[in-house]
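# Chain and residue survey
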Amino acid sequence: LPNTKEPTAIYYIAICAYLLLMSMMFACSYCSLVGSTSYFVPKSQLGIAYGVAATALCTCQCIGPLVNSAIMNLYK
């Protein structure tokens, strides 16, 4: 969105739509990874696999915005 002094309603709608889509993407990636973990890991190691999968997803969700902001600062 272009930077303007007086944003219109479409700006706020676009931001809300982006946040909703991003949240749905995070939820879909978590559900698909956790749901398919039991097919790839033996039952004796399932708890560890769930922990590793959740840690990997949460780490990506924490580092992703930092990487995006660093890239945006490069082109400022």
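Please read these numbers as outputs of a predicted model, since none were measured by experiment.

## Let's talk about the overall build of the protein chain
Across its full length, the protein chain carries 2 helices and 0 strands. For 76 residues, the compact-globule formula gives about 11 Å, and the C-alpha radius of gyration of the protein chain, at 18 Å, lies well above that figure. Overall, the C-alpha framework of the protein chain stretches about 60 × 25 × 15 Å when taken along its three principal axes. By the burial criterion, 8% of the 76 residues in the protein chain qualify as buried. Summed over all atoms, the accessible surface of the protein chain reaches about 6400 Å², with 73% contributed by carbon and sulfur.

## Re a nonpolar patch on the surface
There is a patch of nonpolar side chains on the surface, built from I63, V67, I71, L74 and Y75 and spanning about 560 Å² of accessible area. On the secondary structure map, I71 appears in helix α2 (residues 46–74).

## Side note on the state of the cysteines
All chains considered together, the criterion is met by 0 disulfides. Looking at the unpaired C16, the closest cysteine sulfur is the one in C28, lying at 19 Å. Here C28 stays free of any disulfide, with the sulfur of C31 as its closest cysteine sulfur at 6.7 Å. Given the relative accessible area of 53%, C28 is considered exposed.

## As for the side chain of T37
Tracing the backbone through its elements, the reader meets T37 in helix α1 (residues 9–40). Take T37: its relative accessible area is 8%, and that puts it in the buried class. Excluding residues within four positions of it along the chain, T37 makes contact with L46, A49, Y50 and A53.

## Considerations on the packing of α1 against α2
Where α1 meets α2, the axes come as close as 10 Å, and the angle between the chain directions of the two elements is 160°. When the axis of α1 is compared with that of α2, the two are roughly antiparallel. The two elements α1 and α2 meet at a crossing, and its hand is right-handed. Residues F26, S29, Y30, L33, V34, T37 and S38 of α1 form the contact with α2, whose participating residues are L46, A49, Y50, A53, A54, L57 and Q61. Each residue belonging to the contact of α1 with α2 can be placed in one class, and the counts come to 10 nonpolar, 4 polar and no charged.

## A few points about the environment of M25
Tracing the sequence through the fold places M25 in helix α1. Since its relative accessible area comes to 44%, M25 is described here as partly exposed. In sequence terms M25 and Y12 are 13 residues apart; their C-alpha atoms lie 20 Å from each other.

So, how was this worked out
- Residues numbered from 1 in each chain as written.
- Predicted model: local features only at pLDDT ≥ 70, side-chain atom pairs only at ≥ 80, totals over all residues.
- Heavy atoms only, no water.
- Helix = DSSP H or I, 4+ residues; strand = E, 2+ residues; numbered from the N terminus.
- Rg over C-alpha atoms; globule rule 2.2 N^0.38 Å.
- Buried < 20%, exposed > 50% of the residue type's maximum accessible area, 1.4 Å probe, protein only.
- Areas by Shrake-Rupley, 256 points an atom, 1.4 Å probe, with all protein chains shown as cover.
- Patch = residues over 30% accessible without salt bridge, like charges linked within 9 Å, V, L, I, M, F, W, Y side chains within 5 Å.
- Salt bridge = Lys/Arg side-chain N within 4 Å of Asp/Glu carboxyl O.
- Disulfide = S-S within 2.5 Å.
- Contact = heavy atoms within 4.5 Å.
- Axes fitted to C-alpha atoms, helices over the stretch in contact; angles between N-to-C directions.
- Parallel < 35°, antiparallel > 145°, perpendicular 65-115°, else oblique.
- Left-handed = near helix turned anticlockwise from the far one by under 90°.
- Nonpolar A, V, L, I, M, F, W, Y, C, P; charged D, E, K, R; others polar.

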